[in-house]
Amino acid sequence: MRYARPLAQLIEQLEKLPGIGPKSAQRLAFHILRASQEENQRLATAILEVKAKTRYCQRCFNFSEEDLCPICQDARRDQSVICVVADPRDLTAIENSGEFRGVYHVLQGLLSPIEGVLPDQLRVRELIERVKSGTVKEVILAMNPTVEGDATALFLSGELKPLGVKVTQLAMGLPVGGDLDYADQVTIARAVAWRREI
Amino acid sequence: MVVRRLWLQNFRNYAFLDLQPARGLNVFFGPNGVGKTNLLEALSVLATTRSPLCERDREWVRWQQATCGLKTIVYHEVTNATTTLELSVIGAEKTLKVDDARRSDLQQWLGTLQVVAFFPHDLSIVAGDPGERRRFLNVELSKAQPTYFHDWTQYRRALQQRNALLKMRQRTSLGEWDAQLAHYGCRLMVKRRQFLMELAPLVRDTHAALSGTDVPLSVTYAPSLPCARSDEVLDLEEKFLQTLRKNFEEDARRGITHVGPHRDDLAFRLGDMDLRRYGSQGQQRLAMLGLKIALARWVERTTGESPLLLLDDALSELDASRRRCLLRQAQSFPQAMLTSADRHLCDGVDATFFEVRDGQVQQA
């Protein structure tokens, strides 16, 4: 036992965080130890409040402070187009592009029987309810191009199409600004398969 | 292609090696355990960044050393250019450099040095479990077509997901996994079938030249879904889907998927004889050598460049006339490397000879 008990406890807690190894945990703990009491108070409060004050948006299941997230509350957004994503990070990625003016639906995962994730564990029922409510014209499926992402997209299109809504999927192909000869062959193969007339 | 130079540092039993192989046939001779195979292994590692002989990269590093390095200069006759490949292992980390520039993407490394190698344990491709033959298909096709590797990893993932669902005895959302299994599986089956169609005549001819007999060696695709022998892609995908649906009860009972490319096999026949069951050691060995040399010809045909041919201890168990035939085949490549415990097996052969002695290689 090399460190005083409170310091050792802090290191032990920090080590549990993702991406933090023993060395980083020590560095963070020493930083916290040296910081002012007010700074540490702010950190502690932020940690406690994030759990207490964050909940799911009741409509799209993005993280939100209120019943409805800012995007769902925004009257300028087109409520008739729903973009379906696996988790809030994907939502942020699309939102950062600034191009999409519709609303979202966060599934909170992808189908993966290996990890015990079946349709019931995802926010599928809620999505179907939203579509059934009648105002939705198009659902854009924006899952990662993985086996799990494709399976989830297939499943959703099977559930949604009978409701008479237009179902689309994000295009796949070449990265913008990339050189064709540097793109990997699988990407090129997909880009060729998904080519379009100009 | 021709390997002009090979440097090794702390690789297996080599503390340091600077070797300049010649064009044509290079013969490495010396007693057991001096490091002949390690040379061929090093070249295989430089080709694919993986060893065909062991799973763990850590085993390459010389006893009690922390790092190891491999470097080679490859000359490409087609483009009249040289490429330098450098691979170093430090702890669990592998660093790749092509012409002194670091490469994190394996795709930019693969293909620079094309190697076709025969190691004695390759006999399991003929004599071993079907899994060995599927590994052969997967490795060779992945090397030739990056999209094959992608299809294979996606297929395997979809298969794991489907099996997990089967174990839960869940029928809901099984269709989505079936669809992906059919999509990727179909691509695998068609690529395997095409590969064997191209390879089979080469195998037959090479084996005939090696064996000096009229009994033909045939290698054929034995897919677990029989219609994969002939059907067009779309028909095949539909039939695979139907089979998956039809087998649901049985699959669910055992929690595994019974049909698909993960159950494929290859059939080796010498005349009418099943080589795996009834072939002698010598027949199996000659078939394996025929397969590997045919593979090298296939690589030459598909990439437009001759690969480096590596033959580890290939002469043993062959009679004198077959040894001569094999050496003639090896000499027909721009460069080939062969190991042998007995130098005299190559007496009178036009080759460059190297004597290997405890981690030292001397031109003899």
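Residues numbered from 1 in each chain as written. Chains lettered and ligands numbered in written order. Predicted model: local features only at pLDDT ≥ 70, side-chain atom pairs only at ≥ 80, totals over all residues. Heavy atoms only, no water.

## Re the overall build of chain A
When you go through chain A residue by residue, the secondary structure sums to eight helices and six strands. Starting at the N terminus, the α and β elements of chain A follow one another as α-α-α-β-β-α-β-α-β-α-β-α-β-α. Here the C-alpha atoms of chain A give a radius of gyration of 22 Å, more than 25% beyond the 16 Å that 2.2 N^0.38 yields for 198 residues. Dimensions along the principal axes, computed over C-alpha positions, put chain A at roughly 65 × 45 × 35 Å. The burial tally for chain A puts 38% of its 198 residues in the buried class. Residue pairs in contact within chain A that sit at least 24 positions apart in sequence constitute 45% of those at least 6 positions apart. Element-wise, carbon and sulfur atoms account for 54% of the exposed surface of chain A, whose accessible area totals about 12900 Å². (Helix = DSSP H or I, 4+ residues; strand = E, 2+ residues; numbered from the N terminus. Rg over C-alpha atoms; globule rule 2.2 N^0.38 Å. Buried < 20%, exposed > 50% of the residue type's maximum accessible area, 1.4 Å probe, protein only. Contact = heavy atoms within 4.5 Å. Areas by Shrake-Rupley, 256 points an atom, 1.4 Å probe, with all protein chains shown as cover.)

## What to know about the sheet that holds strand β9 (residues 217-222) of chain B
All names here are of chain B. Ordered by their spatial adjacency, three strands build an open sheet running β9-β10-β11, and the pairing between neighbours is antiparallel. Edge positions in the sheet fall to β9 and β11 (273-274), since each has one partner strand and no second. Where β9 meets strand β10 (residues 265-270), six bridges bridge the pair, whose relative direction is antiparallel. Its bridge partner being in β10, S218 is matched across the sheet by R269. Set on the sheet, helix α5 (residues 174-211) makes contact with β9 and β10; between it and β9 the angle comes to about 175°. (Pairing = 2+ DSSP bridges. Axes fitted to C-alpha atoms, helices over the stretch in contact; angles between N-to-C directions.)

## Quick word on the domain arrangement of chain B
Residues and elements named next belong to chain B. Parsing chain B into structural domains produces domain 1 (1-114 + 305-364) and domain 2 (125-302). With centres defined by C-alpha atoms, the gap from domain 1 to domain 2 works out at 29 Å. Counting residues at the interface gives 19 residues for domain 1, matched by 16 residues for domain 2. Buried surface at the junction of domain 1 and domain 2, summed over both partners, amounts to about 1600 Å²; 60% is from carbon and sulfur atoms. (Domains from an automatic or database assignment. Buried area = accessible area lost by both parts, 1.4 Å probe.)

## Quick look at unusual backbone geometry
All names here are of chain B. The backbone of N10 sits at a positive phi, close to 55°, despite the residue not being glycine. Structurally, N10 is set in strand β1 (residues 2-11). Phi angles above zero are rare outside glycine, and N80 is one such case at about 55°.

## Some words on the pairing of strand β2 (residues 14-19) of chain B
Of the pairings in the sheet, the one linking β1 of chain B to β2 of chain B comprises five bridges and is antiparallel in character. Bridge pairing in β2 of chain B places W7 of chain B opposite D18 of chain B.

## Points about helix α6 (residues 124-132) of chain A
Residues and elements named next belong to chain A. Residues V124, L127, I128, R130 and V131 constitute the buried set of α6. On an axial view of α6, the arc spanned by its buried residues comes to 160°, and they lie on one face. Summarising the geometry of α6, the exposed residues directed more than 90 degrees from the buried face are R125 and K132. Along its buried surface, α6 packs onto β3 (78-85), β4 (102-106), β5 (138-141) and α7 (147-160). Immediately beyond the C-terminal end of α6, within one or two residues, lies G134, with a positive phi of roughly 105°. (Arc of directions from axis to C-beta.)

## What to know about the interface of chain B and chain A
On the side of chain A, 21 residues touch chain B, which itself brings 20 residues to the contact. Where chain B abuts chain A, roughly 1700 Å² becomes buried across the two surfaces, and 68% of that area is made up of carbon and sulfur atoms. Per-residue buried area on chain B facing chain A is highest for E176, W177 and Q180 of chain B; these three make up 26% of the total on that side. For the pair chain B and chain A, the interface holds one salt bridge. The salt bridge involving E148 of chain A is made with R157 of chain B; its shortest N-O contact spans 2.4 Å. At the junction of chain B and chain A, the tally comes to six residue pairs in polar contact (both at pLDDT 80 or more). (Salt bridge = Lys/Arg side-chain N within 4 Å of Asp/Glu carboxyl O. Polar contact = N/O pair within 3.5 Å; in protein donor to acceptor, adjacent residues only side chain to side chain.)

## Considering the environment of A341 of chain B
Residue and element names in this part refer to chain B. Mapped onto the fold, A341 is located in the loop between β13 (335-340) and β14 (352-357). Under the relative-accessibility criterion, A341 is labelled partly exposed at 48%. Taking the C-alpha atoms as reference points, A341 and F29, separated by 312 residues in sequence, lie 5.4 Å from one another. Beyond its immediate stretch of four places on either side in the chain, A341 contacts G30, N32 and K36.

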